[in-house]
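Residue-level listing of the chains:
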Amino acid sequence: MTATTTARAAARVVDAVKVYGGGDTAVRALDGVTVDFPAGRFTAIMGPSGSGKSTLLHCAAGLDTLTSGSARIGDTDLGALDDRRLTRLRRDRVGFVFQAYNLLPTLTVAENITLPVDLAGGPRDAAWIDALIDVVGLRDRLHHRPSELSGGQQQRVAVARAFAARPEVVFADEPTGNLDSRSGAEVLGLLARTVRHTGRTVVMVTHDPVAAAHADEVVFLADGRLVDRMAAPTADTVLDRMKAFEVPS
């Protein structure tokens, strides 16, 4: 099945195949997936364990390479880039939020947020970063270090950091996996608000129907293939769709 959209794609994969290993032990993690991730939208990727959802995210983001097929950020074919240009693309045009917050413990909140921009050596967009700080609600924590924050606050810092360089698309891999339900809901709401307020794009892998309900659309994988898509998801409709993947005991 192919999921497409008439909106411009911030990221996309076409006929994406990813095989790990070889011979009798080869694992086909992606099996001919074609999907666009529309610009200015929040898309969730769901599927059973082993369905290929994290592999899809990593290949779409340029963190891993496809065995065959293509992956693009905007109009740029990731497979045509050497390591240096791919590193630059990930730095300048892509943001990441992971289950682990990956904050530097010796830096303050403000320093962690601006770290990608500072490492790139480019000028800071002070107005953009100032607006981000308000969106994530961290103005009274800017001089704190990560150890002085709750898990939810640390993940909010990670979200702000992901958007600091004004990337075209932010990829989030189970961003609420280490959070309690309340903190997780705050971070998911934050991602949705950031998409609305900044016009940026978020692609998120999750196993949680409640988390997926924050997205504009959900795409479903099973056995490395794209099998369905759902606009305007709710936790109940996503859960019902996920039950179809369950194997009767």
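No experiment lies behind these values; they were computed from the predicted model shown.

## Things to note about the sheet that holds strand β7 (residues 94–98)
Reasoning step 1: The six strands lie next to each other as β7-β8-β9-β4-β10-β11, forming an open sheet whose pairing is mixed. On the outer flanks of this sheet lie β7 and β11 (225–231), each paired with one strand and no other. The average undirected angle you get between the axes of adjacent strands in this sheet is 20°.
Reasoning step 2: Where strand β8 (residues 169–173) lies against strand β9 (residues 201–205), five bridges are found, and the strand directions are parallel. Within the sheet, the bridge partner assigned to Val 170 lies in β9 and is Val 202.
Reasoning step 3: Contacts between helix α5 (residues 151–163) and the sheet are confined to β7, β8 and β9, with β7 contributing the most and set at about 165° to the helix.
Reasoning step 4: Contacting β4 (42–46), β10 (217–222) and β11, helix α8 (residues 235–243) crosses the sheet at an angle of about 160° to β11.

## Details of the packing of α5 against helix α6 (residues 181–198)
Reasoning step 1: Where α5 contacts α6, the two axes come as close as 9 Å, and the packing angle between them is 20°. The orientation of α5 relative to α6 falls into the category roughly parallel. Crossing of α5 over α6 shows right-handed handedness. Between α5, through Gly 152, Gln 155, Arg 156, Val 159 and Phe 163, and α6, the contact on the second element is made entirely by Ser 183, Glu 186, Val 187, Leu 190, Leu 191 and Thr 194.
Reasoning step 2: Here the residues of the contact of α5 with α6 are counted per class, giving five nonpolar, four polar and two charged.

## So, the pairing of strand β5 (residues 68–73)
Reasoning step 1: Bridge count for strand β2 (residues 9–20) against β5 is five bridges, and the pairing is antiparallel. Counterpart to Ala 11 in the pairing with β5 is Ile 73.
Reasoning step 2: Relative to strand β6 (residues 76–77), β5 runs antiparallel, the two sharing two bridges. Residue Arg 72 lies in a different strand from β6, and its bridge partner there is Asp 77.
Reasoning step 3: Connecting β5 to the antiparallel partner β6 that follows it, the hairpin turn spans two residues, and Gly 74 within it adopts a positive phi of roughly 60°.

## Brief notes about the side chain of Lys 53
Reasoning step 1: With respect to the helices and strands, the residue Lys 53 is situated in helix α1 (residues 53–60).
Reasoning step 2: No salt bridge is formed by the buried Lys 53; the nearest opposite charge belongs to Glu 174, separated by 5.3 Å.
Reasoning step 3: At 3.0 Å, the side chain of Lys 53 and the backbone oxygen of Gly 47 are in polar contact.
Reasoning step 4: Here the side chain of Lys 53 touches Pro 48 through a polar contact of 3.3 Å, landing on its backbone oxygen.

Analysis parameters
Residues numbered from 1 in each chain as written. Predicted model: local features only at pLDDT ≥ 70, side-chain atom pairs only at ≥ 80, totals over all residues. Heavy atoms only, no water. Pairing = 2+ DSSP bridges. Helix = DSSP H or I, 4+ residues; strand = E, 2+ residues; numbered from the N terminus. Axes fitted to C-alpha atoms, helices over the stretch in contact; angles between N-to-C directions. Contact = heavy atoms within 4.5 Å. Parallel < 35°, antiparallel > 145°, perpendicular 65-115°, else oblique. Left-handed = near helix turned anticlockwise from the far one by under 90°. Nonpolar A, V, L, I, M, F, W, Y, C, P; charged D, E, K, R; others polar. Buried < 20%, exposed > 50% of the residue type's maximum accessible area, 1.4 Å probe, protein only. Lys, Arg positive; Asp, Glu negative; His and termini not counted. Salt bridge = Lys/Arg side-chain N within 4 Å of Asp/Glu carboxyl O. Polar contact = N/O pair within 3.5 Å; in protein donor to acceptor, adjacent residues only side chain to side chain.

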